[in-house]
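So you can see what is in the structure, the chains are spelled out below.
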Amino acid sequence: MTVEARPIRARRWAPAAHAVAVLAAVAVAVAPLPVPRPAYAQSIPRGIPLIRDAEIEQLLRDYTIPILRVAGLAQQNVQVVIIQDRSFNAFVMDGRHIFVNAGALMDARTPNEIIGVLAHETGHMAGGHLSKLRQQLATAQTQSIIAMILGIGAAVAARNAGNPAAAVLGPQETIRRSLLSYQRQQEEQADLAGVKFLNASGQSPKGMYDTFKRMSDEVLFAARNADPYLQSHPLPAERVQALAGAARGSPYWDKKDPPELQLRHDLMRAKLYGFLDRGDAVARRYPMTDQSLAAKYARAISTYRHSDLRNAIAQIDALIAAQPNNPYFHELKGQALLEGGKADEAIGPLRRAIQLAPKPALIQVLLAQALNAQTSSKSSDEAVNLLRTALAQEPESADGFAQLAVAYSRKGDLAQADLASATSAFMKGDAATARQIAARAKTRFPIGSPGWVKADDIVATSRPNQGAGRP
């Protein structure tokens, strides 16, 4: 599991406001619409602190596949992206990613609860809400400009009336309320679509309802005197009431999650707590009296991160004995050994994890890191091959490109090492470093070769105030 340490501002799930919709809720849409992203840029915005973990991402894929299938989005390669933030939040920003905070995964007690959140977000995607919202923003922007021009003239006429600002702000407020009303409609549509997708995939909407109800109870006092026309989402009590009418009629209302899926969900939550919480907090949440597999998982992770590596390995070995074919227990052992300075011993468990995992790209990067710590050229060759395979599945992995740079450097291929290092810096959002290293890589490649072209792309798209990359 890879955890980035950069914090972001917590945002409370309302639930599931889009990033674009949040902007529209607090502004009057007078800012210009976003410019197109460079051709070489990441599809996930830089600067968002992400959690990358093969186990959690596989579980979330298993959660979303049935929903995406019935929603007609199975061919869009939609990915669930985990943000390192402890607040309960989820949102969509495009047609290919659902963003969910770690806090939402940790708070959801059952698979069905987080599946309900994912179903709601899928409702936004299936309804084309982002593109429609952008159209509304464009219209509001035009209306706002006209209103400001007309308002200035009206303010001159109203000057003697003692309130010229009202002539300018009145139309602006009308536009803002219109946008907020449109957002509330989208949220209501996504709620109903989510229930529809859950029913169509034979899953209970109870988890979705329970999550909304819990959120409603928590904000009930704050929302008591709120103006319903100034909210980007329906008022909590009204929303829960509307959702109850749709959800309780489901033939799957009382359907429970399968025990094996509940166990995977419990292991996911334990893993997040083990990695993100302090050792004493993990000990309180998962005391020694709790002998469940999830509790043992959390304690093993916490032990290797905060305490004694030898004790942690013994705990991880006990997990492996309980589930010998669980790839992520082997991965954890390899990661603990690697980070504990025992790269040689990490190779075996990581190889086993790759054999067992359905999508082992992230584990392949870990194994390549262990191989890069070896001294033989054979290890470097294997690391390059592993990373090429992994990066074909994870083309935006900054860590993968960083390890590829190390492997090529150890092989003496400085051109490819520079290109991989520049790409890693670019993926991390360090444009200046990416541009500098890519410029050096260009001098090492024959002009016009594939490597030279890739390096030139990085130089072009990393240039200050550069609006677009190579077509």
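Rules used throughout
Residues numbered from 1 in each chain as written. Predicted model: local features only at pLDDT ≥ 70, side-chain atom pairs only at ≥ 80, totals over all residues. Heavy atoms only, no water. Helix = DSSP H or I, 4+ residues; strand = E, 2+ residues; numbered from the N terminus. Buried < 20%, exposed > 50% of the residue type's maximum accessible area, 1.4 Å probe, protein only. Contact = heavy atoms within 4.5 Å. Areas by Shrake-Rupley, 256 points an atom, 1.4 Å probe, with all protein chains shown as cover. Salt bridge = Lys/Arg side-chain N within 4 Å of Asp/Glu carboxyl O. Core = buried A, V, L, I, M, F, W, Y, C linked by side-chain atoms within 4.5 Å.

Enquirer: Looking at this structure, how should I read the overall build of the protein chain?
Expert: Across its full length, the protein chain carries 20 helices and five strands. By residue count, 50% of the 471 residues in the protein chain fall in the buried class. Taking the contacts inside the protein chain whose residues are at least 6 apart along the sequence as the reference set, 69% of them involve residues at least 24 apart. Only carbon and sulfur atoms are counted for the fraction: they give 55% of the accessible area of the protein chain, which is about 22,000 Å².

Enquirer: Hey, could you run me through the pattern of salt bridges in this one?
Expert: A side chain of one charge can pair with a side chain of the opposite charge when the charged atoms of the two come close. What the rule picks out here adds up to 17 salt bridges. With a shortest N-O distance of 3.2 Å, Glu113 and Arg214 are connected by a salt bridge. Of this pair, Glu113 sits in helix α4 (residues 111–126) while Arg214 sits in helix α7 (residues 206–223); the two residues are 101 residues apart in sequence, bridging distant segments of the chain. Arg214 sits in the buried class, given a relative accessible area of 13%. The residue Asp418 makes a salt bridge to Arg440 at a minimum N-O spacing of 2.8 Å. Residue Asp418 is found in helix α18 (residues 414–427), and its partner Arg440 is found in helix α19 (residues 431–444); the two are separated by 22 residues along the sequence. The exposure class of Asp418 is buried, given its relative accessible area of 7%. Residues participating in the shared-partner salt-bridge network are Arg52, Glu57 and Glu394.

Enquirer: Quick question: what am I supposed to make of the nonpolar core here?
Expert: As a rule of thumb, soluble globular proteins bury nonpolar side chains together. Leu105, Leu272 and Tyr297 are the most contacted members of the largest nonpolar core, which totals 101 residues. Residue contributions to this core peak at nine residues, all from helix α15 (residues 361–372). Once residues within four sequence positions are removed from consideration, Leu272 is found in contact with Met1, Ile51, Ile56, Ala102, Leu105, Met106 and Asp277. One finds Ala422, Phe445, Trp452 and Ala455 within the second-largest nonpolar core, a separate group that totals 14 residues.

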